[in-house]
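Here is how the chains run, residue by residue.
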Amino acid sequence: MVGGGGAEQELSADNVKGIVLALLSSGFIGGSFIIKKKGLRRAAVASGIRAGVGGYSYLLEPLWWVGMITMIVGEVANFVAYAFAPAVLVTPLGALSIIVSAVLAHFILNERLHALGILGCVMCIAGSMVIVIHAPQEQEITSVKEIWIMATQPSFLLYVASVVLVVSVLVFHFSPLCGQSNVLVYTAICSLMGSLSVMSVKALGTSLKLTFEGKNQLVYPETWFFMLVVAICVLTQMNYLNKALDSFNTAIVSPIYYVMFTTLTILASIIMFKDWSGQSLGSITSEICGLIIVLSGTILLHVTKDYERIPQSRSIYAPLSPSSTPRLNGELLRRIEDDARSPEDEEKALRRQEMY
């Protein structure tokens, strides 16, 4: 950990590895959206049936599978990044995949990136640099039992209990009552469960890292418990993310979900791993400012990317992605450009395909 006081220490070797993996993850995931979309378009031309209207010919399109494999590689890199660096550092860097996708779409798919979108890109990069410069050091963990002690400390148990209580109320009371009319219901469920899934992913990733280093952690039941929590949280997230995307436009869901998910994940990490313990007030303030800049830039990118086209009356159902992982903002990115358009315009209608 960083010692108290005003002086900043250099990034640790583990933090550097985490940053590199997070950046590679963003590059692979952002590029995969473009590859998959080109594969979808090619399959639609060959078969005459688009994925958006029930076609599955893209499963026979090699280019689509290249995009899928690219995305899986990116998600694996993101998973491993959590084993090396704190969530307060890795999670905000996920916004860079939006930049990669937006820039490549501008040049390869001829999808306009407006002036505010460019400003959003610059803000995401600037905010990410501030976070990296002032990021806390990763704790030295030698056993999954150490993580279990962190996960069972009273403060984090209180957070977990609060999440379970709020999610239960949202699922059993508010979801049937106003889930279809209030976007905050479904996105709150996704974000709250997402914060727990990332904590479990970090615990599981650290356990596997130690195992590969020769310290077998698979013999401890705590490792398998974290794996179970990951599965439950991710499945719940995906279910309610689909409900949100089915009920509301991605222009509304995406920025709200990203802001809530990132904020709650960082909060959970601060409570469980004490990421800010020992940091100076200046460093903490800088990280918060960097996070706000990244979130603001992400919102600009979402709301300026041709969203004048989105109708407010309906949305299209999005089935679960076969490459779903805790990093669910990736799931949202695949849908950013896929809302309904005029059926007379074939090129515009193809934007729906990427949802599949």
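Residues numbered from 1 in each chain as written. Predicted model: local features only at pLDDT ≥ 70, side-chain atom pairs only at ≥ 80, totals over all residues. Heavy atoms only, no water.

## As for helix 4 (residues 96-108)
Structurally, the α-helix is built with 3.6 residues per turn, so residues lying three or four positions apart point the same way.
Moving on, step 1. With 13 residues, helix 4 should cover 18 Å at 1.5 Å per step; its first-to-last C-alpha distance of 18 Å lies within 8% of that length.
Moving on, step 2. Residues of helix 4 that are buried: Leu96, Ser97, Ile98, Ile99, Ser101, Ala102 and Ala105.
Moving on, step 3. Positioned one or two residues after helix 4, Asn110 has a phi angle of 60°, which is positive. (Helix = DSSP H or I, 4+ residues; strand = E, 2+ residues; numbered from the N terminus. Expected span 1.5 Å × (residues − 1). Buried < 20%, exposed > 50% of the residue type's maximum accessible area, 1.4 Å probe, protein only.)

## Topic: the environment of Leu267
Moving on, step 1. With respect to the secondary-structure elements, Leu267 resides in helix 10 (residues 250-273).
Moving on, step 2. Overall, the relative accessible area of 39% leaves Leu267 in the partly exposed class.
Moving on, step 3. With 179 residues separating them along the chain, Leu267 and Val88 place their C-alpha atoms 8.4 Å apart.

## A look at helix 1 (residues 13-47)
Moving on, step 1. Taking 1.5 Å per residue as the helical rise, helix 1 with its 35 residues ought to reach 51 Å, and the 50 Å between its terminal C-alpha atoms agrees with that figure.
Moving on, step 2. Gly48 occupies a position one or two residues after helix 1 and carries a positive phi of about 80°.

## Section: the pattern of salt bridges
Moving on, step 1. Considering all chains together, one arrives at 3 salt bridges under this definition.
Moving on, step 2. Arg42 is paired through a salt bridge with Glu61; the nearest N and O atoms lie 3.5 Å apart. A residue pair is termed long-range when its members are at least 10 positions apart, and Arg42 in helix 1 and Glu61 in the loop between helix 1 and helix 2 (62-84) qualify at 19 residues. (Salt bridge = Lys/Arg side-chain N within 4 Å of Asp/Glu carboxyl O.)

## Section: the packing of helix 7 (residues 154-178) against helix 8 (residues 183-212)
Moving on, step 1. The geometry of helix 7 relative to helix 8 is characterised by a closest axis approach of 9 Å and an angle of 155° between their N-to-C directions. Our classification of the angle between helix 7 and helix 8 gives roughly antiparallel. Note that helix 7 runs across helix 8; the crossing there is left-handed. Only Val185, Tyr186, Ala188, Ile189, Leu192, Met193, Ser195, Leu196 and Met199 of helix 8 make contact with helix 7, whose side of the interface consists of Phe156, Tyr159, Val160, Val163, Val166, Val167, Leu170, Val171, Phe174, Ser175 and Cys178.
Moving on, step 2. Tallied by class, the residues present in the contact of helix 7 with helix 8 amount to 18 nonpolar, 2 polar and no charged. (Axes fitted to C-alpha atoms, helices over the stretch in contact; angles between N-to-C directions. Parallel < 35°, antiparallel > 145°, perpendicular 65-115°, else oblique. Left-handed = near helix turned anticlockwise from the far one by under 90°. Contact = heavy atoms within 4.5 Å. Nonpolar A, V, L, I, M, F, W, Y, C, P; charged D, E, K, R; others polar.)

## A few points about unusual backbone geometry
Only a minority of non-glycine residues have a phi that is not negative, and only a minority of peptide bonds are not trans.
Moving on, step 1. Located in the positive-phi region is Lys274, a residue other than glycine, with phi close to 55°.
Moving on, step 2. Its place among the elements puts Lys274 in the loop between helix 10 and helix 11 (281-304).

## As for the packing of aromatic side chains
Moving on, step 1. Evaluated as defined, the whole model comprises 7 aromatic pairs.
Moving on, step 2. Here Trp64 and Trp65 contribute two aromatic rings whose centre-to-centre distance is 4.9 Å and whose plane-to-plane angle is 85°, an arrangement assigned as edge-to-face.
Moving on, step 3. According to the relative accessible area criterion, Trp65 is partly exposed, its value standing at 40%.
Moving on, step 4. For the ring pair Trp148 and Phe225, a centre distance of 5.4 Å and an interplane angle of 90° mean the geometry is edge-to-face. You can see Trp148 sitting in helix 6 (residues 144-151) and its partner Phe225 sitting in helix 9 (residues 221-247), a full 77 residues away along the chain.
Moving on, step 5. Among the aromatic side chains, those forming a connected cluster through ring pairs are Trp148, Phe225 and Phe226.
Moving on, step 6. Across the ring face of Phe273, the terminal group of Lys202 is positioned such that the distance to the ring centre comes to 5.4 Å.
Moving on, step 7. A cation over a ring is seen here: Lys243 above Tyr240, with NZ or CZ 5.8 Å from the ring centre. (Phe/Tyr/Trp six-rings, centres within 6.5 Å; stacked < 30°, edge-to-face > 60°. Lys NZ or Arg CZ within 6 Å of the ring centre and 35° of its normal.)

## Describing the nonpolar core
Moving on, step 1. The biggest cluster of nonpolar side chains holds 77 residues, and the ones touching the most others in it are Leu89, Phe156, Tyr159, Ile189, Met199, Met272 and Leu301.
Moving on, step 2. Top contributing element to this core by residue count: helix 8, with 14 residues.
Moving on, step 3. The residues that make up this core include at least three from each of domain 1 (10-111) and domain 2 (140-277).
Moving on, step 4. Core analysis: the next-biggest nonpolar cluster, separate from the first, contains 5 residues, Leu40, Ala43, Tyr58 and Trp64 among them. (Core = buried A, V, L, I, M, F, W, Y, C linked by side-chain atoms within 4.5 Å. Domains from an automatic or database assignment.)

Shape descriptors only; they carry no functional weight alone.
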